[in-house]
Amino acid sequence: MKLLVVEDEAKTAAFLLKGLREAGFVVDVAGDGNEAIHLAEELAFDLIVLDVMLPKTDGWQVLVTLRGERIHTPILLLTSKDAVVDRVKGFDLGADDYLVKPFAFSELLARIKSLLKRSPVRHQEVLRVADLEIDMARHRASRSGQRVDLTAKEFVLLTLLARREGEVLSRTMIAESVWDINFDSDTNVVDVNVRRLRSKMDDPFPRKLIKTVRGVGYVLNAEE
């Protein structure tokens, strides 16, 4: 599942990014309302976590703009305002849920999962590429019906590659999406983890799905 977190406070954004990625989500972050609108228009998200108090364009206007453009992605508002009038305003403008700061991450996660369960715009629950099957709900992956045990990061990495089947992903893009780090040419974290993933998902099977594109990055596809 792919989430967009819209939060201008750096520490809060980093906290949400880390927690949600550890929970198995692919996460993009926008630091202001204009960037949020641009990303939501250009990319498909399963859910948007939207702070109300934002620079440039506030969360209320982001909400109005997206709903006006018929973007029906579920939106969970984050705000420090607990007045009933503010909550009513959020729902009237098209928000799906409302969480008051400060909040426990466990509650945020529970609300996100609840919204995703009832959302009609979710991505498919099971991803399939050739004999690879990824069950998103159960966090399970298998090849030819044989379950493969993966770490949380390996599962996120595999899901990222599978969602972008046939697309060559650079090491920079993978590092930022999976580990939230700026890729350094002296860092081999991506190569090491792709190698570990291959040892589980590819090496035991005759058909290889994860390919190296020399000088660029990696791609997952079913082509021989």
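Calculation notes
Residues numbered from 1 in each chain as written. Predicted model: local features only at pLDDT ≥ 70, side-chain atom pairs only at ≥ 80, totals over all residues. Heavy atoms only, no water. Helix = DSSP H or I, 4+ residues; strand = E, 2+ residues; numbered from the N terminus. Rg over C-alpha atoms; globule rule 2.2 N^0.38 Å. Buried < 20%, exposed > 50% of the residue type's maximum accessible area, 1.4 Å probe, protein only. Contact = heavy atoms within 4.5 Å. Lys, Arg positive; Asp, Glu negative; His and termini not counted. Charge placed at Lys NZ, Arg CZ, Asp CG, Glu CD. Salt bridge = Lys/Arg side-chain N within 4 Å of Asp/Glu carboxyl O.

**Concerning the overall build of the chain**
Then comes step 1: Along the backbone of the chain there are 8 helices and 12 strands.
Then comes step 2: Scaling as 2.2 N^0.38, a compact globule of 224 residues should have a C-alpha radius of gyration of about 17 Å, and the chain matches this with 19 Å.
Then comes step 3: Principal axes of the C-alpha set define a box for the chain whose edges measure 60 × 35 × 30 Å.
Then comes step 4: Across the 224 residues in the chain, those meeting the buried criterion constitute 47%.
Then comes step 5: Counting contacts in the chain only where the partners sit at least 6 residues apart, residues at least 24 apart contribute 56% of the total.
Then comes step 6: Measuring between centres, the 33 positive side-chain charges of the chain sit 5 Å from its 36 negative side-chain charges.

**What to know about the side chain of D32**
Then comes step 1: Summarising the element assignment, D32 is placed in the loop between β2 (26–30) and α2 (33–42).
Then comes step 2: Under the relative-accessibility criterion, D32 is labelled buried at 12%.
Then comes step 3: If we ignore the near neighbours within four places in the chain, the residues touching D32 are V6, P55 and K56.

**Re the pattern of salt bridges**
Then comes step 1: Under the defined criterion, the tally for this structure stands at 15 salt bridges.
Then comes step 2: For R171, the salt bridge goes to D191, with nearest N and O atoms at 2.9 Å. Note that R171 is positioned in helix α7 (residues 171–179) and D191 in helix α8 (residues 189–201), a separation of 20 residues in sequence.
Then comes step 3: By relative accessible area, which is 18% here, R171 ends up buried.
Then comes step 4: With relative accessibility at 22%, the residue D191 sits in the partly exposed group.
Then comes step 5: Among the ionic contacts, a cluster of salt bridges with common partners joins E7, D51 and K101.

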